[in-house]
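Now for the letters of each chain:
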Amino acid sequence: MSAVASGTLQPSVPALHEAFGDAVERALVSCGDTIVYVSRERAHDILAWLRDTPGQRFDYLTDVTAVDYRDPERPLEVVYQLRALERRADLRVKVALDKRAPLEVRSVYDLWRGADWLEREVYDMFGVVFAGHPDLRRILMWETYAEGYPLRKDFPLRGHMSRAEQTRQALASNPEAHYSLEELSIAEAFHELPRDMRERLQRGERGYLR
């Protein structure tokens, strides 16, 4: 829920214009939400300013996602949804990336640790590279997935490869080559599971939906 009335820009917008000038490319209100478009080159500086500046304090990164429009002439947009918890204010920041150039923007992992898996998902689904991310691996598709980026609008619904080839590659993948045993196993947490679940797992049984 926005802290400003529908149709009114967040007070952060004029402050951003004053601090960053032309790096704030435009701002608008859509469905009551303020959206600010900023340049890729200054995006990290602007997001850090929104997090750290007294009176702004957008201390919670709600989401990082991307939008690819069906129009090939439109840029792909990386979207940051911010929230100032104390003020209960929201702000959406967008960075437009030219699809004819490398899709790359600086990671905000150093600003919000919660960006870790969010940026990995955008990388996996859209192919956006977050420079400086400490562990930029695919998170939903397997690491050797070769068909591209499933949420790009130029990605065919049935994939680039046949179903048989997709199945063959999935079965041939070796998750242990890319993930640690801790990520693949519940072994370390086994003794914290409920007793009945431990007994079922030891017998090799599955649970039931109730």
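This text goes with the structure placed above it.
Quick caveat: nothing in here was measured; it's all calculated off a predicted structure. Within every chain, residues take consecutive numbers counted from 1 along the sequence as written. For this predicted model, a pLDDT threshold of at least 70 governs which residues receive local features, and a threshold of 80 or more governs which side-chain atom pairs are given and counted, while totals over whole chains, interfaces and linings are taken from all residues. Note that the side-chain values use all heavy atoms of the structure and ignore hydrogens as well as water.

K.L.:
Any chance you could break down the overall build of the protein for me, citing the residues and the numbers?
P.N.:
A run of H or I in DSSP counts as a helix once it spans at least four residues, and a run of E counts as a strand once it spans at least two, with each numbered from the N terminus. From N to C terminus, the protein includes six helices and seven strands. Each residue gets one of three labels from its accessible area relative to the maximum for its type: buried under 20%, exposed over 50%, partly exposed in between, using a 1.4 Å probe on protein chains only. A buried classification covers 37% of the 210 residues belonging to the protein. Here, residues are in contact when the closest pair of their heavy atoms is within 4.5 Å. Contacts in the protein between residues at least 24 apart in sequence constitute 49% of all its contacts with a sequence separation of at least 6. Computed by Shrake-Rupley with a 1.4 Å probe, the accessible areas treat only the displayed protein chains as cover when residues are assessed. Put simply, the protein shows about 13100 Å² of open surface, and 51% of that area lies on carbon and sulfur atoms.

K.L.:
Before we move on, can you summarise the sheet that holds strand β2 (residues 33-38) with the specific residues and values?
P.N.:
Note: two strands are recorded as paired if DSSP finds a minimum of 2 bridges between them. If you trace the five strands from one edge of the open sheet to the other, you get β1-β2-β5-β4-β3, paired in mixed fashion. The outermost strands of the open sheet, each flanked by one partner alone, are β1 (24-30) and β3 (60-67). Across the sheet, the mean angle from the axis of one strand to that of its neighbour is 20 degrees, orientation sign disregarded. Relative to strand β5 (residues 89-97), helix α2 (residues 43-52) is tilted by about 175 degrees, and along the sheet it contacts β1, β2, β4 (76-84) and β5. Whenever a helix is involved, its axis is fitted only over the stretch in contact; in every case the axis is a line through C-alpha atoms, and angles between N-to-C directions fall within 0 to 180 degrees. The sheet contacts of helix α3 (residues 115-126) involve β3 and β4, and relative to β3 the element is tilted by about 5 degrees.

K.L.:
How would you summarise the nonpolar core if you had to cite specific residues and measurements?
P.N.:
In this structure, L61, Y80, L82 and V128 are the most contacted members of the largest nonpolar core, which totals 41 residues. At the level of elements, α1 (12-20), β2, α2, β3, β4, β5 and α3 are the ones that each hand at least two residues to this core. By nonpolar core we mean a set of buried residues, namely Ala, Val, Leu, Ile, Met, Phe, Trp, Tyr and Cys, connected to one another through side-chain atoms within 4.5 Å.

K.L.:
Describe in detail the environment of D71, supporting the description with residues and values.
P.N.:
Within the element layout of this structure, D71 appears in the loop between β3 and β4. A polar contact of 2.9 Å, which involves the side chain of D71, links it to the backbone nitrogen of E73. Polar contact criterion, stated in full: a pair of N or O atoms within 3.5 Å, where within protein one must be able to donate a hydrogen and the other to accept it, and residues adjacent in sequence count only if both atoms are side-chain atoms.

K.L.:
If you had to explain the pairing of β1 to someone new, which residues and values would you point to?
P.N.:
In this sheet, β2 lies alongside β1 in antiparallel orientation, the contact comprising six bridges. When the sheet's bridge partners are listed, A27 is paired in β2 with V36. Joining the antiparallel neighbours β1 and β2 is a turn of two residues, in which C31 adopts a positive phi near 55 degrees.

K.L.:
I'd like a rundown of α2, residues and numbers included.
P.N.:
Taken as a whole, α2 has its buried residues at A43, H44, I46, L47, A48 and L50. Elements in contact with the buried residues of α2: α1, β1, β2, β4, β5 and β6 (104-106).

K.L.:
A description of the side chain of Q81 should follow, citing residues and the corresponding values.
P.N.:
Assignment of secondary structure puts Q81 in strand β4. Excluding its chain neighbours within four sequence positions, the residues that come into contact with Q81 are Y60, L61, T62, D63, D90, L91 and R92.

K.L.:
Let's hear about α1: which residues, and what values?
P.N.:
Among the residues of α1, S12, V13, L16 and F20 are the ones counted as buried. Looking straight down α1, one finds its buried side chains confined to an arc of 95 degrees; they lie on one side. If you follow the buried residues of α1, they end up packed against β1, β2, α2 and β5. G21, located one to two residues past α1, shows a positive phi value of around 55 degrees. The directions considered for the arc are those from the helix axis to the C-beta atoms.

K.L.:
Quick rundown of the pattern of salt bridges? Include the residues and the values.
P.N.:
Put simply, a salt bridge is a Lys or Arg side-chain nitrogen that is within 4 Å of an Asp or Glu carboxyl oxygen. Within the structure shown, the criterion is met by 12 salt bridges. The shortest N-O distance in the salt bridge between R42 and D45 comes to 3.0 Å. Overall, the relative accessible area of 33% leaves R42 in the partly exposed class. With a relative accessible area of 33%, D45 lands in the partly exposed category. R120 serves as the salt-bridge partner of D135, at 3.9 Å between the closest nitrogen and oxygen. Residue D135 is located in the loop between β7 (129-131) and α4 (163-172), and its partner R120 is located in helix α3; the two are separated by 15 residues in the primary sequence. Residue classification places D135 among the partly exposed positions, given a relative accessible area of 28%. Here the salt bridges share partners, and the residues they tie into one network are D68, K99 and R152.

Read these as layout, nothing more, since geometry by itself doesn't imply function.
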